[in-house]
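Okay, here's what each chain looks like letter by letter:
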Amino acid sequence: MTRRSTSRRTPPRWATADLRAAVAGLKGDVKFSAPLKEYTSFRIGGPADVLVMPADADDVSRLVRQAQAADIPIFVLGGTNLLVRDHGIRGIVVSLARMKAITDEPGHVLYAEGGVGMPTLMKHATSRGLSGLEWAAGIPGTAAGCVVMNAGTTLGEMKDSVKAVRIVESPGVTIDVPASAIRFSYRQALLPRGIVVGVWVQLKPAPKDKIQATVKEYLRHRKNTQPLTLPSAGCVFRNPGHDAAGRVIESAGLKGARVGDAQVSDKHANFVVNLGHAKAADVIALIKKVGRTVEDKTGLTLELELKIVGEP
Ligand SMILES: Cc1cc2nc3c(=O)[nH]c(=O)nc-3n(C[C@H](O)[C@H](O)[C@H](O)COP(=O)(O)OP(=O)(O)OC[C@H]3O[C@@H](n4cnc5c(N)ncnc54)[C@H](O)[C@@H]3O)c2cc1C
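We now turn to the structure provided with this report.

## Some details on the site of the ligand
Close to the ligand lie 32 residues; Gly 78, Gly 79, Thr 80, Thr 142 and Arg 222 are nearest. Within the backbone of Gly 78, an N or O atom sits 2.7 Å from an oxygen atom of the ligand. The contact in question runs from an oxygen atom of the ligand to an N or O atom on the side chain of Arg 222, over 2.7 Å. Isolated, the ligand exposes 960 Å² of accessible area, and the fraction of that covered by the protein chains is 91%. When residues of the shell around the ligand are traced back to their parent elements, those giving at least two are strand S3 (74-77), helix H4 (143-148), strand S9 (152-153), strand S15 (195-202) and strand S17 (232-235). The biggest single contributor to the shell around the ligand is H4, with four residues.

## As for the environment of Glu 217
Structurally, the position occupied by Glu 217 is in helix H5 (residues 208-225). Considering only alpha carbons, one finds Glu 217 and Arg 65, 152 residues apart in sequence, at a separation of 46 Å. For Glu 217, the side chain forms a polar contact with the side chain of Arg 220, separated by 2.8 Å.

## Overview of the sheet that holds S17
Within a beta sheet, neighbouring strands are joined by backbone hydrogen bonds and run either parallel or antiparallel to one another. In space, the four strands of this open sheet follow the order S17-S20-S19-S18, with antiparallel pairing throughout. The open sheet has two edge strands with one neighbour each: S17 and strand S18 (258-259). Here helix H7 (residues 280-298) sits on the sheet in contact with S18, strand S19 (262-264) and strand S20 (271-274), set at roughly 30° to S19.

## Considering the packing of helix H3 (residues 118-127) against H5
At their nearest, the axes of H3 and H5 sit 9 Å apart, and the two run at 150° to each other. Here H3 is positioned roughly antiparallel relative to H5, judged by the angle of their axes. Contacts from Met 122, Thr 126 and Ser 127 in H3 reach Lys 208, Ile 211, Gln 212 and Val 215 in H5. Considered class by class, the residues forming the contact of H3 with H5 number three nonpolar, three polar and one charged.

## Quick notes on the sheet that holds strand S7 (residues 109-113)
Strands sit in the order S6-S7-S15-S11-S12 across an open sheet of five strands; the sheet is antiparallel. Every other strand in the sheet has two partners, leaving strand S6 (102-105) and strand S12 (173-178) as the edge strands with one partner each. In this sheet, adjacent strand axes meet at a mean angle of 20° when their direction is disregarded. Its contacts with the sheet put helix H2 (residues 57-70) on strand S11 (162-169), S12 and S15, and the angle it makes with S11 is roughly 40°.

About the criteria used
Residues numbered from 1 in each chain as written. Predicted model: local features only at pLDDT ≥ 70, side-chain atom pairs only at ≥ 80, totals over all residues. Heavy atoms only, no water. Near = heavy atom within 4 Å. Polar contact = N/O pair within 3.5 Å; in protein donor to acceptor, adjacent residues only side chain to side chain. Areas by Shrake-Rupley, 256 points an atom, 1.4 Å probe, with all protein chains shown as cover. Helix = DSSP H or I, 4+ residues; strand = E, 2+ residues; numbered from the N terminus. Pairing = 2+ DSSP bridges. Contact = heavy atoms within 4.5 Å. Axes fitted to C-alpha atoms, helices over the stretch in contact; angles between N-to-C directions. Parallel < 35°, antiparallel > 145°, perpendicular 65-115°, else oblique. Nonpolar A, V, L, I, M, F, W, Y, C, P; charged D, E, K, R; others polar.

Any functional reading would require information beyond the geometric quantities listed.
Shown next as structure tokens:
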């Protein structure tokens, strides 16, 4: 007797041939049914129909053109501020993990391909005696993701250093957008729609030991205050007004609250950590519980900083 599958995975809305046509001829890596838990800092997430790691910006342009022709959606991830739902993402998921070049340009400017990790960019700047990215010490996102999220800390934000951004728009056209044309605000940036494939940052010369001392101090602070040894996606909620979401959640008595293997960190209450086998559904249930409890106790409605994507 054959058993019927109980999987609720949504069937793709396009033919396999169209999916294959969309990724045909690329120089980068292409993986079908790729488990996204392997590509997110939370270590959670179902499969992408297809995961593409383009080799360069031309590859991105070709992919965008072909995907548009086949009418297949694209989602881009760095993977560190994301919760991918348990049934994954339909269509094409792009990771810029192969686009990691950094170029030194005149006038204390660095150009980073979109997939360069912020820690790598920050270390490169430090090695050149260039200051301006110390705030990013310990932020694990990509340079592109940090522009899109206007990532930041109490020391500074991405917007303070961005000079311009290179974007591949639909249908595969590359444009350079100066920072003055980007509207940055708290943990977001209004950019033309497309894939950010590169970022120019404007830095200032400074003594290396001074930069290193600031970075060291900030990393020490992070280690003492954040649960860095367990998988997470950074802060779950945006800070409400001038208060810190972590403080509000902690005073609502939620440190250590748990659903399955998802737990409100007992080190920093605005982090949810994966204790081992957490599902996206567990994290979402826990986030709802936190939101409800805080609202009941304080009247505050917390807004998500975490992006939740994919099929429930
Ligand atoms: C331990 C830990 C500590 C953290 N600390 C901080 C912190 O101090 N401050 C802070 O701001 N954040 C922090 N974060 C969160 C995270 O690193 C940042 O939000 C970062 O900007 C996300 O970058 P990403 O490349 O991972 O993008 P993702 O999280 O994958 O994506 C974020 C959004 O950007 C879009 N996106 C990503 N790449 C591109 C691209 N190339 N083109 C177009 N759109 C794109 C995605 O589609 C999504 O909408 C932390 C995370 C962790 C795990």
